[in-house]
Amino acid sequence: MADVFGNGSASVSPIDDVLHQAEVTILGVGNVILRDEGFGVRVAEYLDRHYDWPDNVQIVDGGTLGIELTQYVTGTQKLLVIDSINGHAAPGTRFRLHNEAIMEHFQDKLSAHEVGIQDVLALLTVTGHKIPEVVVIGAQPYDLEAGVELSPGMAALLPDIAAQAIEEVGRWGIHPQPKAGVEDVDYTQVAESINR
C-alpha cells in the first residue's frame with residue numbers, strides 16, 4: 001500500500017508530528033474473516049494493486065482497528081472510508097455518506113470498526129483537528145458468515161465501488177494512473193483453493 005510511514009512533511013506542532021500523515025487518506029475497514037464484512041479492506045487492496053497513487057495519498061488497511069486509526073488520519077485533509085454498510089437495505093445496495101451524515105449513520109452501529117471510526121472522527125473534532133472533508137462509500141453486505149472470501153454478489157460490486165472511489169478522489173483533484181498488466185484477484189476464493 002502507499003507509504004503510511006510518513007511523507008516527509010515538516011511538523012508544525014506536536015499533534016501534526018504523527019506517524020502516518022498524508023493530505024488524502026483512503027481507508028478500507030472491515031473484518032476480512034467475516035466474508036462481506038471485509039469488503040472495505042478488499043476494495044482498498046484493489047485500489048492499491050491496480051493504480052499508482054500520488055505521494056500525497058495513502059491507502060490504509062484499517063481492518064477492525066478502533067481508536068488506533070487516529071494515527072493514520074490525524075492531519076489528513078480529505079478522508080475516504082470504504083466499508084460494508086448496514087443500511088437495512090437489500091443486499092448490494094450502494095451507499096454514500098458525506099460529512100455530518102456519517103456521524104448520524106454511525107450512531108446506531110455496533111461493530112468495532114464502525115464504533116472506532118465514530119470515535120476517531122469525534123476525537124479529532126473535539127481536539128480541533130476535524131477532517132474538513134470525509135466521505136464514506138460502500139454497499140449492503142450479502143453474507144456475514146465466517147470465511148475470508150467475498151460472496152459472489154459483493155465480489156461483483158468490488159470494481160464498481162473501486163471506480164466510485166476513483167471518482168470521489170477525482171473531485172479532490174487526485175487522479176491515479178492505472179497500472180499495466182495487473183491480474184485481477186478472485187475474491188470469491190480463499191488463497192489456499194486458488195493455489196491448488
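Look up: the structure comes first, before these words.
Everything in this summary refers to the structure shown in the same document. Here the structure is a predicted model, which is why all the values come from computation and not from measurement.

Side note on helix α1 (residues 39-50)
And then number 1: The first and last C-alpha atoms of α1 sit 16 Å apart over 12 residues, in line with the 16 Å expected at 1.5 Å per residue.
And then number 2: Judged by how many residues are buried, α1 sits mostly within the fold: 10 of 12 residues are covered.
And then number 3: Those residues of α1 that are buried are in contact with β1 (24-29), β2 (51-52), β3 (57-63), β4 (78-84), α5 (152-171) and β7 (177-178).

Details of the packing of α1 against α5
And then number 1: Running from N to C, α1 and α5 point in directions that differ by 60°, and their axes come no closer than 9 Å. With respect to α5, the element α1 is oriented oblique. Crossing handedness for the pair α1 and α5: right-handed. Contacts between α1 and α5 involve F39, R42, V43, Y46 and L47 from the first element and M154, L157, L158, P159, I161, A162, A165 and I166 from the second.
And then number 2: Within the contact of α1 with α5, the residues separate by chemical class into 12 nonpolar, no polar and 1 charged.

About the cut-offs
- Residues numbered from 1 in each chain as written.
- Predicted model: local features only at pLDDT ≥ 70, side-chain atom pairs only at ≥ 80, totals over all residues.
- Heavy atoms only, no water.
- Helix = DSSP H or I, 4+ residues; strand = E, 2+ residues; numbered from the N terminus.
- Expected span 1.5 Å × (residues − 1).
- Buried < 20%, exposed > 50% of the residue type's maximum accessible area, 1.4 Å probe, protein only.
- Contact = heavy atoms within 4.5 Å.
- Axes fitted to C-alpha atoms, helices over the stretch in contact; angles between N-to-C directions.
- Parallel < 35°, antiparallel > 145°, perpendicular 65-115°, else oblique.
- Left-handed = near helix turned anticlockwise from the far one by under 90°.
- Nonpolar A, V, L, I, M, F, W, Y, C, P; charged D, E, K, R; others polar.

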